[in-house]
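Fold and geometry: a report
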Amino acid sequence: MDRSLEQDDDAPFPLSELRERISQKTYEWLQKSEEEEAAWKANVEETNFLFHTSSEDEEYYPRVQEWCSSLTKVDGIGGYFTEDVDQEVKVEDGALRVKYILSDAGGGHGDDLWAASRYVSNILADDQKCRDILKPLLENTGNNSERNLLLGLNMVELGAGAGLPSWTAMHCGARVVSTDQAIPDRIRCMAECAERNLRHMKSRKDTLADEGKPRFWNNAESARVCPCNWGDDEQLDEVINLLNNEGKQKEGRCLFDVLIAADCIYIPESHGLLLESIDKLLSEPGLALLPFALHGNTKDEIVW
């Protein structure tokens, strides 16, 4: 694999460097989780339990990875079981380069970068494809621009996992709130992704005109991450509050223009709670995108 796709600094950011990406409530929750994990590890070490350590013969997988948009590969370059592993990766000129981290806590969910997530991210990164898929929303808002279609829009992602669509939209100028289940390591990884991608955006020298940078950066700096279990009114209210009174207003609340839930509908029992959450978060002209794959866990017709 092309090592240019890897992050040089693979170590986790200190929690203190993630405070701007999360609410005070989420910060205290993550802080408590870290303290409990540290106490558990100390107790285990006292009992002389041997932790597994990697050997030099084991294949190296960086903690911080990179996905790139592509005009020729429908899912972009990088991610879950792609043909790019162990061969030279050719990144196209002008491609978005997005940092992501797979959480250790997932059990087949947040610890994979699923095809639906890569697919919709690649659409968001392509101005023409993005215009096609957002056409109903753009017509309602009177947006006739040819580029930067996500600039200034409010976007929320449910069941984000690695959050690739969130960080792609962030690079494209959207104001983003990225959410997933209340699993500490997963939320922490997502918050670190938001911070890493913000720093990556600010380090770019050739992709934005000087006059355009402040608006992209200001929107990226508003990116937030929080736990959100579908159907939980208190947590859904926190998601809305994280927009900080920006965006579309309805009954005094700030709502979202675009909602993405990638590969989140393969469990039919969760459809009701997902729909309730979409109804609460989405603005009146807003657009929900639910790309998915069939997992074979139930009848196909039940899924859609």
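As a starting point, this report considers the structure included with it. In this text, all values refer to a predicted model and were calculated from it rather than measured experimentally.

Another point: the overall build of the chain. Broken down by element type, the chain carries ten helices and eight strands. When burial is assessed residue by residue, the chain has 48% of its 304 residues classed as buried. Across the chain, every contact between residues at least 6 apart in sequence was considered, and the portion connecting residues at least 24 apart equals 69%. On the chain, roughly 15600 Å² of surface is accessible, and the fraction owed to carbon and sulfur atoms is 48%.

Right, let's talk about the pattern of salt bridges for a bit. Overall, the coordinates contain 16 salt bridges when judged by the stated rule. For the salt bridge of Asp180 with Arg186, the shortest nitrogen-to-oxygen distance reads 3.1 Å. Take Arg186: its relative accessible area is 2%, and that puts it in the buried class. Between Arg196 and Glu192 there is a salt bridge, with its nearest N and O atoms 2.7 Å apart. Of the two residues, Arg196 and Glu192 are both situated in helix α6 (residues 184-203); the distance of four residues between them amounts to about one turn of the helix. Accessibility expressed as a relative area gives 0% for Glu192, which makes it buried.

Moving on, we get to the packing of helix α8 (residues 233-241) against helix α9 (residues 271-281). Put simply, α8 and α9 touch, their axes get as near as 10 Å, and they point 35 degrees apart. With respect to the hand of their crossing, α8 and α9 are arranged in right-handed fashion. Counting all contacts with α8, which are made through Asp233, Leu236, Asp237, Val239 and Ile240, the residues of α9 involved are Ser277, Lys280 and Leu281. Considered class by class, the residues forming the contact of α8 with α9 number four nonpolar, one polar and three charged.

As a further point, take the packing of helix α2 (residues 115-124) against helix α5 (residues 164-171). Across the interface, α2 lies against α5 with an axial gap of 8 Å and an inter-helix angle of 10 degrees. With respect to α5, the element α2 is oriented roughly parallel. Together, Ser117, Arg118, Val120, Ser121 and Leu124 of α2 and Leu164, Pro165, Thr168 and Ala169 of α5 make up the contact between the two elements. By residue class, the composition of the contact of α2 with α5 is five nonpolar, three polar and one charged.

Together, Phe292, Leu294 and Trp304 give the surface a local cluster of nonpolar side chains, amounting to about 330 Å² of exposed area. The topology assignment puts Trp304 in the segment after α10 (300-303). According to the relative accessible area criterion, Trp304 is exposed, its value standing at 61%.

Here is what the cut-offs are and how they apply
Starting afresh in each chain, residues are numbered from 1 along the sequence in its written order. For a predicted model such as this one, the threshold for reporting local features is a pLDDT of at least 70, and the threshold for listing and counting side-chain atom pairs is 80 or more; totals across whole chains, interfaces and linings nevertheless cover every residue. Side-chain measures were taken over the full set of non-hydrogen atoms in the model, leaving aside hydrogen atoms and water. Only DSSP runs of H or I covering at least 4 residues are called helices, and only runs of E covering at least 2 are called strands; the numbering of each starts at the N terminus. We call a residue buried when its accessible area falls under 20% of the maximum for its residue type, exposed when it is over 50%, and partly exposed in between, using a 1.4 Å probe and counting protein chains only. Contacts were defined at the residue level, with two residues in contact if any of their heavy atoms lie within 4.5 Å. Methods summary: accessible areas were calculated by the Shrake-Rupley approach with a probe of 1.4 Å, and residue burial reflects only the protein chains presented. Here a salt bridge means any side-chain nitrogen of Lys or Arg lying within 4 Å of a carboxyl oxygen belonging to Asp or Glu. In this analysis an axis means a line fitted to C-alpha atoms, helices contributing only their contacting stretch, and an angle means the value between N-to-C directions, from 0 to 180 degrees. Left-handed describes a crossing in which the near helix is turned anticlockwise from the far one by less than a right angle; the clockwise case is right-handed. Any residue that is not Ala, Val, Leu, Ile, Met, Phe, Trp, Tyr, Cys, Pro, Asp, Glu, Lys or Arg is counted as polar, Gly included; the first ten are nonpolar and the last four charged. Comment on the angle field: the value is read as roughly parallel under 35 degrees, roughly antiparallel over 145, roughly perpendicular from 65 to 115, and oblique elsewhere. Like charges within 9 Å and nonpolar side chains (Val, Leu, Ile, Met, Phe, Trp, Tyr) within 5 Å are joined into patches, using only residues over 30% in relative accessible area that form no salt bridge.

All quantities given are derived from atomic positions and should not be read as evidence of function.
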